Each structure stands twice: as structure tokens, then as C-alpha cells.
Amino acid sequence: MSFHAYLHDRLHVGQIALEDLANRYGTPLYVYSRPAIEQQWRNFHDAFGARNHLICYAVKANSNLSLLACLARLGSGFDIVSGGELERVLTAGGDPKKIVFSGVGKTEAEITSALKAGIRCLNCESLPELRRIDTVASGLGVKAPIALRINPDVDAETHPYIATGLQQNKFGIAWEDAVDAYEQALKLPNIEITGIACHIGSQITTLSPYIDSIKLLNTLIPKLAQEGIKLRDIDLGGGLGIRYSNEEPPAPTELARIVRNNLTDDSACVIIEPGRSIVGNAGWLITKVQYLKHTKLKNFAIVDAAMNDLLRPALYSSWHDILPLTQHADVTERLYDVVGPVCESGDFLGRERRLALRDNDYLAIASAGAYGFSMSSNYNSRPRAAEILIDGDQARLIRKREVLSELLSGEMPIEIDS
Ligand code: LLP
């Protein structure tokens, strides 16, 4: 689904011409559409209808406080993976009872703050982690609610860096060991078993891996029941893909349908942890052409956004649509590599794109709402971009552009003797 459109040759999101934002706030600039984000969240929520369910937005996809606050207001839960994300969700007004905490490496401090906040559940990924959670809970005099994250050894058919449900991945407890692990958990005095979890990867564009993992859960859940373990939550993870170019990912309604048709347990709360599919197509990275450079082999559009702003093309060879903010009928199209100023050949945003460009033109990199800003860095000592939230005819600055003094502020230069 795309949430942008040209109106009189100018690219708009809602009622706002993106060029006006670029002129006002400078570039690189992340822009998000609040209605688009909320609509995507509601699509998930409505898809599960009367089924006991909880949509826990995966904060890592985009953790801007304003976005989290919009989702919290809709009643969203949150999937977090660090103490930092916990802090963000609480600051944004998220309900602790709707927070699930995933991740293979939770520290003592992170477990402590999660238990103190009273979150819904820690998705535990190993026996050593389970023992650590028990110890921390004992110190606090509480029982820790946990789900065990099961690794179903299912191929999510996605980029290898973002597949998580295969045996060779670091995630979860191997499904063959699951019943044993639950037995261990039963013996720990400060652990309260509340659920089972299974996230298999990201940018998943077919339903079959989900069906496979649901079938596996169907075999495990009755075995746990025999041990006297009744599960409140069944967490199927996130991972539903989006359209970057011509992918045709299943809609939330289709995911809900396969859950309805395949999951034997029909009373537990089904948790879904979508990140990308809520914010991905609701965000754009706006950048300005600095130079058009023509060589014998290639044309380069050198822009002011780079791999530090949007790492996905460099890291996963991912494809994002690139659109001019203003269309020119009078400029000849050429094939451009759209590249950033960072000193690496991997610093590209798109390759071989047919564009009609002039100096100083602005471009929008589409589908940049997920894993865009949240994966950005200060590489090459580049301050991170500003962020804008569009809501109808309003555009609000939701994060200031970083300034160089902030980049230097934590450093403590030593005195160098000459
Ligand atoms: N739940 C867990 C436990 C996860 O690890 C993830 C993503 C999600 C939910 C949300 O998945 P989503 O619905 O967004 O696909 N940086 C990569 C994606 C990494 C995903 C990591 N885990 C990218 O830019 O494609």
C-alpha cells in the first residue's frame, strides 16, 4: 500500500507537499504519516476481531516517542528488546501489562527494570537466561512472568540476516528441548509460566512458515498441558512483510485467517508483534541532490542522505523506491545510482534508477519508516536526521536534527604532550 501521491507534479503525503517540509526543516529528513501508521495498526487489531488477542508493536522498527504515543493511545501493546526500549514505551505512556520483552541477551539490569515496571512477560530464549530471571525475581521478591521462545526450525524464506527461526540461528530454545525447558521452568520458585513464543523472521512474504510454526505449537501445547502448564499467551511474533517493489505480502486478515484455521487452542491470547508492517510504508527519507556526476560507465546522483541514515540497502542489498519530490517534464531521464557521501562503495540508496534530475532536486526514499531512523548512526561523524509526523494538514517536528556539539559532547579529549 502506498500513502503518497503526486498532486500538480509535487509529491504529497496527506495534504502536505514534501518539498515544503524539505525547504523548511532541511535534509536528510524522515517523514511519517500518522494516519497510515494508525490504519496499519487497526488492520491488525480488526483482523483478529473477537479472538482474544494483543497487537504488540515491535519498537525496534521505529522507536520515536511520538509514534509510540500514537500507538499507545490506540491501546497497542509493545514488543521490546532492551532497557532503552522499555524506557521509551513507559515514557510514551504504554501500558506495562501489554509489554513483552524479547531478545537473547537480557542483562540483569534490564530484567530488573522490566520486573519493576511489571511488564506482561519476558520471552526467555535459553536456560541460563531462565535461571538469571529467577535469581533477579527472587532478589526483588516477585514472580517473573515468562514465555519460552521456541525455535521451530522453520525457514521464513527471507534474507538470511533477518531469518530467526532456523536451528542455526541464535534465537530461542530448540523445539525438541522445549518440554524439558518448561519442566525446568516449573521447578524455579520465582518463575511464573504465562506463555509460549515463536518469532521466525522478518519481511516474510508467504504464510507457509507461519502455518508450519503454528502446527509445531499445536503439538507442544498439549504436551505442556499434560505437565499441568496452562498458557495464557501464545505469541506468534512479527515478521509480516511489506511491499518495497513488487512483493505481494499477505495482509493482516490473511494472517488472522491462518491463525483461526490452524491454531488448535482458541482461548489463549494470541500475541502478534508486527513492526515493519505497521510503520514501513508509512515513512519516507527525504534527501537533496548535491551533485550529478556523469562518468563513462555510470551516472551518479550524489545526495545528502547516506548509509548512516538508511542502512538497509548497504546491509541487506534491499530495494527502496526513489521518487522525485517534483516531477519535471522537461528534463531527460537517465539511469542513476543514487549514492551518499560516505566513503564506502556500499554507501548507496538505490542503483540504476530511471530519474529526471536537476541539481538541488529533492528525492524521497520510500518505505523507510521501519528500520530506517532506528538503525541510523553517526558514521562519518554525521548528525542524525530530523523526524516529522504528518497528520492531515499538520506537520510536526517530532525529533530535532542532531547537532555536531551533541556528537562531541560525550568525549573526553586527553591532553596530548607535544
Ligand atoms: N519480534 C521479534 C522477536 C523480532 O526480533 C522482530 C524483528 C519483530 C518482532 C518485528 O519484526 P517485523 O514485524 O518488523 O518484521 N533490520 C532488519 C529487520 C530486523 C528484524 C529484527 N527482528 C531490516 O531492516 O529488514
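These numbers come from a predicted model, not from an experiment. (Residues numbered from 1 in each chain as written. Predicted model: local features only at pLDDT ≥ 70, side-chain atom pairs only at ≥ 80, totals over all residues. Heavy atoms only, no water.)

A.B. asks: Please explain the pattern of salt bridges as it appears in this structure.
C.D. replies: Any two side chains of opposite charge can pair, on the condition that their charged atoms come close. Inspection of the entire model under this criterion finds 15 salt bridges. Between Glu-38 and Arg-34 there is a salt bridge; the shortest N-O distance is 2.8 Å. Of this pair, Glu-38 and Arg-34 both sit in helix α2 (residues 34–48), 4 residues apart, which is roughly one turn of that helix. Neither Glu-38 nor Arg-34 differs from the other in exposure class; each is buried. A salt bridge links Lys-60 to Asp-79; the nearest nitrogen and oxygen atoms lie 3.7 Å apart. Separated by 19 residues along the polypeptide, Lys-60 in the loop between β5 (53–58) and α3 (65–74) and Asp-79 in strand β6 (residues 77–80) bring together distant segments of the chain. The network of salt bridges with common partners includes Arg-10, Glu-19 and Asp-20. (Salt bridge = Lys/Arg side-chain N within 4 Å of Asp/Glu carboxyl O. Helix = DSSP H or I, 4+ residues; strand = E, 2+ residues; numbered from the N terminus. Buried < 20%, exposed > 50% of the residue type's maximum accessible area, 1.4 Å probe, protein only.)

A.B. asks: Before we go on, may I ask you to explain the environment of Asp-9 in this structure?
C.D. replies: Here Asp-9 shows up in the loop between β1 (4–7) and β2 (10–13). Under the relative-accessibility criterion, Asp-9 is labelled partly exposed at 42%. C-alpha separation for the pair Asp-9 and Glu-85, spaced 76 residues apart in sequence, amounts to 40 Å.

A.B. asks: How should the site of the ligand be read in this particular structure?
C.D. replies: Taken together, 19 residues sit near the ligand, with Ser-202, Glu-273, Arg-312, Tyr-316 and Tyr-371 positioned nearest. Comparing atom positions with the cavity grids shows the ligand to sit within the largest pocket. Among the residues forming the shell around the ligand, the class breakdown is 6 nonpolar, 7 polar and 6 charged. Shared between two domains, the shell around the ligand takes at least three residues from each, and those domains are domain 1 (4–32 + 280–408) and domain 2 (103–272). (Near = heavy atom within 4 Å. 1 Å grid on protein atoms, 1.4 Å probe; cavity = no way out; pocket = protein on both sides within 12 Å on 5 of 7 lines; lining within 4 Å. Sits in = over half its atoms within 2 Å of the grid points. Nonpolar A, V, L, I, M, F, W, Y, C, P; charged D, E, K, R; others polar. Domains from an automatic or database assignment.)

A.B. asks: Explanation requested: the packing of helix α8 (residues 208–226) against helix α9 (residues 252–262) in the structure shown.
C.D. replies: For any two helices packed against each other, one specifies the inter-axial angle together with the distance between the axes. Where α8 meets α9, the axes come as close as 10 Å, and the angle between the chain directions of the two elements is 30°. By the angle between their directions, the pair α8 and α9 is classed as roughly parallel. Between α8 and α9 the crossing geometry is right-handed. Contacts between α8 and α9 pair Tyr-210, Ile-211, Ile-214, Lys-215 and Asn-218 from the former with Leu-255, Ile-258, Val-259 and Asn-262 from the latter. Residue classes in the contact of α8 with α9 are distributed as 6 nonpolar, 2 polar and 1 charged. (Axes fitted to C-alpha atoms, helices over the stretch in contact; angles between N-to-C directions. Parallel < 35°, antiparallel > 145°, perpendicular 65-115°, else oblique. Left-handed = near helix turned anticlockwise from the far one by under 90°. Contact = heavy atoms within 4.5 Å.)

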